[in-house]
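If you want the building blocks of each chain, they are given just below.
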Amino acid sequence: MTTEPTNREKSFPTDWLWRAVLPIALVALLLGFAAVDRSVLSPANLLNIAQQTSYLALFAMAQSVVILTRGFDLALGPAVSMVSVGTALAMAGATAAGHDQTTVLLAGLGAGFGLGIACGLFNGMVIALLGVNPFVATLGSYNIAIGVATTLSAGRPVQGVPTLFSQLFYGGSIFGFPATISITLAIGIVLHLTLGRTVFGRSLYIIGTNPRAAAVAGLPVKRILIATYVLCSTLAALGAIMMTARTGSGEPNLGGSLSLQAIAGAVVGGTSLAGGRGGVGTAVLGALFVTILSNGMNLTRIDGYIQMVVLGAIVIIGVLLDRLRLERRQ
């Protein structure tokens, strides 16, 4: 959603400067890591970066949707683990019952998306109907999702993922592109059109910009917030299903640090934690930046704990830059 800039906005170049700096930073990051390890620019590694970005871009888009409304979803990572375990268990159970592969596949997808939607519905209702702060609400569901994933799997990987599932959501290709990249591109296009050309999408920007004005204008703010968190968790569930197809098993620790990575991708791309600013393009660019950074640090053998420090610092820097931009506009 775009509005006509004021004279002050025209005189402050942060927006176009940010759009220019991030692509430049992406190239500089790649070249910098390539100077240390030439394999960074190898075709195999570039394809790996593209596939890794396809997962993180989905999660960053999911976070961006709720951040637009001044919220966020800390439970995204554990929800991914829960969906992964639930999907694998459903398919293993259907296989043991002697069903054909199509039925097994549908059982897994139904369980995965069902758990994702339930998680989003819970978050949305607690936030919208009970008025609980998004941080507190999703922190609570963070622990609930971890508990469910660990209990269902007994803390161990769940085997029994059929070949058809892995082929469709990981090993296959669509129009010559890897399935993971094609699925993310399709979702990104649909979400971009939804945010920019539908009443629901535009309402997210209005609520994020001024929640009280949105309520006064007659928008069903509570219902929109619930739908927003459901959409976020549904996108996260799709990402979890794709990652489960890659690993070939339901992993209770699959979510790991995805909550932070997704928020980092959204914020680095330019989605404002103050709400009302951001979209699909910012989420994808931010996800690409975080993926290249992580990939480069892995190839150059930077300690994993140091990587967590770097990722946390990037989130803080992104928030500070966004705050500076808002202060200069006021």
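Conventions and cut-offs
Residues numbered from 1 in each chain as written. Predicted model: local features only at pLDDT ≥ 70, side-chain atom pairs only at ≥ 80, totals over all residues. Heavy atoms only, no water. Helix = DSSP H or I, 4+ residues; strand = E, 2+ residues; numbered from the N terminus. Buried < 20%, exposed > 50% of the residue type's maximum accessible area, 1.4 Å probe, protein only. Contact = heavy atoms within 4.5 Å. Expected span 1.5 Å × (residues − 1). Phe/Tyr/Trp six-rings, centres within 6.5 Å; stacked < 30°, edge-to-face > 60°. Patch = residues over 30% accessible without salt bridge, like charges linked within 9 Å, V, L, I, M, F, W, Y side chains within 5 Å. Areas by Shrake-Rupley, 256 points an atom, 1.4 Å probe, with all protein chains shown as cover. Salt bridge = Lys/Arg side-chain N within 4 Å of Asp/Glu carboxyl O. Axes fitted to C-alpha atoms, helices over the stretch in contact; angles between N-to-C directions. Parallel < 35°, antiparallel > 145°, perpendicular 65-115°, else oblique. Left-handed = near helix turned anticlockwise from the far one by under 90°. Nonpolar A, V, L, I, M, F, W, Y, C, P; charged D, E, K, R; others polar. Disulfide = S-S within 2.5 Å. Core = buried A, V, L, I, M, F, W, Y, C linked by side-chain atoms within 4.5 Å. Polar contact = N/O pair within 3.5 Å; in protein donor to acceptor, adjacent residues only side chain to side chain.

Engineer: Before we go on, may I ask you to explain the environment of Ala262 in this structure?
Structural biologist: For Ala262, the location among the structural elements is in helix H12 (residues 258-269). Classification of Ala262 as buried rests on a relative accessible area of 0%. Distance in space between the C-alpha atoms of Ala262 and Pro43 is 25 Å, their sequence separation being 219 residues. Each residue touching Ala262, except ones within four places of it in the same chain, is listed here: Leu56, Phe59, Ala60 and Gln63.

Engineer: Teacher, can you tell me more about helix H8 (residues 179-197) here?
Structural biologist: Given 3.6 residues per turn, any residue in an α-helix points the same way as the ones three and four places further on. Along its 19 residues, H8 runs 27 Å from first to last C-alpha, staying within 8% of the 27 Å computed at 1.5 Å per residue. Considered for burial, the residues of H8 that qualify are Ala179, Thr180, Ile181, Ser182, Ile183, Thr184, Gly188, Leu191 and Leu195.

Engineer: Would you mind going over the packing of aromatic side chains with me for this structure?
Structural biologist: For any pair of aromatic rings, the description rests on two quantities: the centre-to-centre distance and the angle between the ring planes. Under the counting rule described, the total for this entry stands at two aromatic pairs. Look at Phe72 and Phe135: their rings are 6.3 Å apart centre to centre, the planes differ by 75°, and that puts the pair in the edge-to-face class. With Phe72 in the loop between helix H3 (43-67) and helix H4 (76-96) and Phe135 in helix H6 (residues 134-153), this residue pair connects regions lying 63 residues apart in the sequence. Judged by relative accessible area, Phe135 falls into the partly exposed class, the value being 41%. Considering the side-chain rings of Phe165 and Phe169, the 5.4 Å spacing of their centres and the 45° angle between planes classify their relative orientation as tilted. Of this pair, Phe165 and Phe169 both sit in helix H7 (residues 163-171), four residues apart, roughly one helical turn.

Engineer: What should I look at first to understand a nonpolar patch on the surface in this one?
Structural biologist: On the surface, Val27, Leu31, Leu41 and Leu46 cluster together into a nonpolar patch covering about 340 Å² of accessible area. Here Leu41 is to be found in the loop between helix H2 (14-36) and H3. Residue Leu41 is classed as partly exposed on the basis of its relative accessible area, which comes to 38%.

Engineer: It is not clear to me how the packing of H4 against H6 should be interpreted in this structure. Could you clarify?
Structural biologist: In contact at an axis separation of 8 Å, H4 and H6 are set at 25° when each is read in the N-to-C sense. On the basis of the axis angle, H4 is roughly parallel to H6. The way H4 lies across H6 gives a crossing that is left-handed. Packed against H4, whose contacting residues are Pro78, Ala79, Ser81, Met82, Val85 and Leu89, the element H6 presents Tyr142, Ala145, Ile146, Val148, Ala149, Leu152 and Ser153 at the interface. Looking at the contact of H4 with H6, its residues break down into eleven nonpolar, two polar and no charged.

Engineer: It is not clear to me how the state of the cysteines should be interpreted in this structure. Could you clarify?
Structural biologist: Every disulfide links exactly two cysteines, by a covalent bond between their sulfur atoms. For the coordinates displayed, the defined rule picks out zero disulfides. Summary of cysteine pairing: Cys232 is not part of a disulfide, and the nearest cysteine sulfur, belonging to Cys119, is at 8.5 Å.

Engineer: Looking at this structure, I do not really get H12. What am I missing?
Structural biologist: Between the first and last C-alpha of H12 there are 16 Å, a value that for twelve residues agrees with the 16 Å anticipated at 1.5 Å per step. Of all the residues in H12, the buried ones are Leu258, Ser259, Gln261, Ala262, Ile263, Ala264, Gly265, Ala266, Val267, Val268 and Gly269. Looking one or two places after H12, you find Gly270, whose phi comes out positive at around 120°.

Engineer: Teacher, can you tell me more about the nonpolar core here?
Structural biologist: Buried together is how nonpolar side chains tend to be arranged in soluble globular proteins. Phe59, Leu76, Val80, Phe165 and Phe169 are the most contacted members of the largest nonpolar core, which has 67 residues in total. Not counting the four nearest positions on each side in its chain, Phe59 is found in contact with Leu76, Val80, Ala236, Gly239, Ala240, Met243, Leu258 and Ala262. Listed in part, the 14 residues of the second largest apolar core include Leu22, Val40, Val268 and Ile292.

Engineer: Looking at this structure, how should I read the environment of Thr247?
Structural biologist: Summarising the element assignment, Thr247 is placed in helix H11 (residues 221-247). Residues Thr247 and Tyr205, spaced 42 residues apart in sequence, show a C-alpha to C-alpha distance of 36 Å. A polar contact of 2.9 Å, which involves the side chain of Thr247, links it to the backbone oxygen of Ser249.

Engineer: I tried to follow unusual backbone geometry on my own but got confused; where do I start?
Structural biologist: Glycine aside, negative phi is the norm for most residues, and most peptide bonds take the trans geometry. Of note in the backbone geometry, Arg70 takes a positive phi value of approximately 70° without being a glycine. Within the secondary structure layout, Arg70 lies in the loop between H3 and H4. A relative accessible area of 42% means that Arg70 is categorised as partly exposed. One non-glycine residue, Arg301, adopts positive backbone phi at about 60°. With respect to the helices, strands and loops of the structure, Arg301 is situated in the loop between helix H13 (280-299) and helix H14 (304-329).

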